[in-house]
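So the chains spell out like this:
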Amino acid sequence: MTVRTSERGAATRGALLDAAREIFVTRGFAEAGVTDVVSRAGASVGSLYHHFSGKADLYLTLFDEFQARQTQRTKQAVQAARADGESDPMRLFIAGARAYLEGCFDERELAALFLRGDGPPGFEVIMRDRMRQWARRNAALFEDDRGALVAVVTGALAAAVSEVALSEDVAASRRLAEDVLLIISQIRRP
């Protein structure tokens, strides 16, 4: 009985997240309502509050899950490059950056949602903190860097992510992403 209940709970939670994603992407966070989400999910308001504390929690969960997938993509790409014998920090960074950008192409609607600025109150602080965490992970690749190189490559990649996610022209975005990666790869340590 417990297994069936937990499976049903997981299915409901998944349906609520899928519905929230759809509603947030099409209407934006501010215009989305809890009733829209539960109606789309075929769930009840009570079930939403059983799994989440509200609309902001749905949004933040979507963000956290997206970031977890992005982190996994980049780690796998860097690990694969290392397994192929790559040890140059810039080439490892480019491998991870390419994987991150591919994730943004694969999940463009979600990436754009988080970059539009239409999130719950305080989301901009979460985004800034996430950017700092990202810079720290990048710094681990460039062990002897004093910060300037990491700031430049992280900033350039963040600009590329924004262009990829928010551009209407996917082909142009792909070209831009590759050009940005090429330019970043040519940056040398000061």
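Worth saying up front: this structure is predicted, and the values here are computed from it rather than measured.

A.B. asks: Mind showing me how you'd approach the overall build of the chain here?
C.D. replies: Looking only at helices and strands, the chain features nine helices and zero strands. Helices (α) and strands (β) of the chain occur, in sequence order from the N terminus, as α-α-α-α-α-α-α-α-α. Counting only C-alpha atoms and orienting by the principal axes, one finds that the chain spans roughly 55 × 40 × 30 Å. Classification of the 190 residues of the chain by burial places 41% in the buried group.

A.B. asks: It is not clear to me how the UniProt feature "DNA-binding region" (unreviewed entry) in the chain should be interpreted in this structure. Could you clarify?
C.D. replies: UniProt records the feature "DNA-binding region" (unreviewed entry) for residues 33-52 in the present numbering. The straight-line gap between the two end C-alpha atoms of residues 33-52 is 14 Å; of that span, 75% is helix and 0% is strand.

A.B. asks: Would you mind showing me how to read the pattern of salt bridges here?
C.D. replies: Side chains that carry opposite charge are capable of pairing whenever their charged atoms lie near each other. If you walk through the whole model with that rule in mind, you get 10 salt bridges. The shortest N-O distance in the salt bridge between Glu 22 and Arg 40 comes to 2.0 Å. One end of the pair, Glu 22, is in helix 1 (residues 2-27); the other, Arg 40, is in helix 2 (residues 34-41), and 18 residues separate them in sequence. Take Glu 22: its relative accessible area is 39%, and that puts it in the partly exposed class. With relative accessibility at 43%, the residue Arg 40 sits in the partly exposed group.

A.B. asks: Would you explain the packing of aromatic side chains in this entry?
C.D. replies: We describe a pair of aromatic rings using the distance from one ring centre to the other and the angle between the two ring planes. Summed over all chains, the structure comprises 11 aromatic pairs. Look at Phe 63 and Phe 123: their rings are 5.0 Å apart centre to centre, the planes differ by 85°, and that puts the pair in the edge-to-face class. Linking Phe 63 in helix 4 (residues 55-83) with Phe 123 in helix 7 (residues 123-141), this pair joins segments that are 60 residues apart in sequence. Residue class for Phe 63 comes out buried when judged on its relative accessible area of 1%. Here the aromatic rings of Phe 114 and Phe 123 are separated by 6.2 Å at their centres, their planes lie at 45°, and the arrangement is tilted. Three or more aromatic residues link up through ring pairs in this structure, and these residues are Phe 24, Phe 29, Tyr 59, Phe 63, Phe 66, Phe 114 and Phe 123. Taking the ring centre of Phe 29 as reference, the NZ or CZ of Lys 55 above it sits at 4.4 Å. Here the guanidinium or amino end of Arg 174 rests over the ring plane of Phe 105, the centre of that ring lying 4.0 Å away.

A.B. asks: How should I be thinking about the side chain of Gln 67 in this particular structure?
C.D. replies: Here Gln 67 shows up in helix 4. Setting aside residues up to four positions removed in sequence, Gln 67 forms contacts with Tyr 100 and Arg 130.

A.B. asks: How do you make sense of the nonpolar core when you look at a structure like this?
C.D. replies: Generally speaking, soluble globular proteins have nonpolar side chains that are buried together. Core analysis: the largest hydrophobic core is formed by 53 residues, its most contacted members being Phe 24, Leu 58, Phe 93, Phe 114 and Leu 157. Those elements that provide at least two residues to this core are helix 1, helix 2, helix 4, helix 5 (89-106), helix 6 (108-115), helix 7, helix 8 (148-166) and helix 9 (170-185). In this structure Phe 114 touches Tyr 59, Leu 62, Phe 63, Phe 66, Phe 123 and Met 127, once residues within four positions along its chain are discounted.

A.B. asks: Mind showing me how you'd approach the packing of helix 6 against helix 8 here?
C.D. replies: Packed helix pairs are characterised by how far apart their axes lie and by the angle those axes make with each other. Their axes nearest at 8 Å, the elements helix 6 and helix 8 cross at an angle of 120°. Once helix 6 is placed against helix 8, the crossing between them reads as left-handed. From helix 6, Arg 108, Ala 111, Ala 112 and Leu 115 reach across to helix 8, where they touch Val 161, Ser 162, Val 164, Ala 165 and Leu 166. Its residues assigned to classes, the contact of helix 6 with helix 8 comprises seven nonpolar, one polar and one charged.

Reading the values: the criteria
- Residues numbered from 1 in each chain as written.
- Predicted model: local features only at pLDDT ≥ 70, side-chain atom pairs only at ≥ 80, totals over all residues.
- Heavy atoms only, no water.
- Helix = DSSP H or I, 4+ residues; strand = E, 2+ residues; numbered from the N terminus.
- Buried < 20%, exposed > 50% of the residue type's maximum accessible area, 1.4 Å probe, protein only.
- UniProt positions renumbered as here; feature names shortened; annotations may be inferred.
- Salt bridge = Lys/Arg side-chain N within 4 Å of Asp/Glu carboxyl O.
- Phe/Tyr/Trp six-rings, centres within 6.5 Å; stacked < 30°, edge-to-face > 60°.
- Lys NZ or Arg CZ within 6 Å of the ring centre and 35° of its normal.
- Contact = heavy atoms within 4.5 Å.
- Core = buried A, V, L, I, M, F, W, Y, C linked by side-chain atoms within 4.5 Å.
- Axes fitted to C-alpha atoms, helices over the stretch in contact; angles between N-to-C directions.
- Left-handed = near helix turned anticlockwise from the far one by under 90°.
- Nonpolar A, V, L, I, M, F, W, Y, C, P; charged D, E, K, R; others polar.

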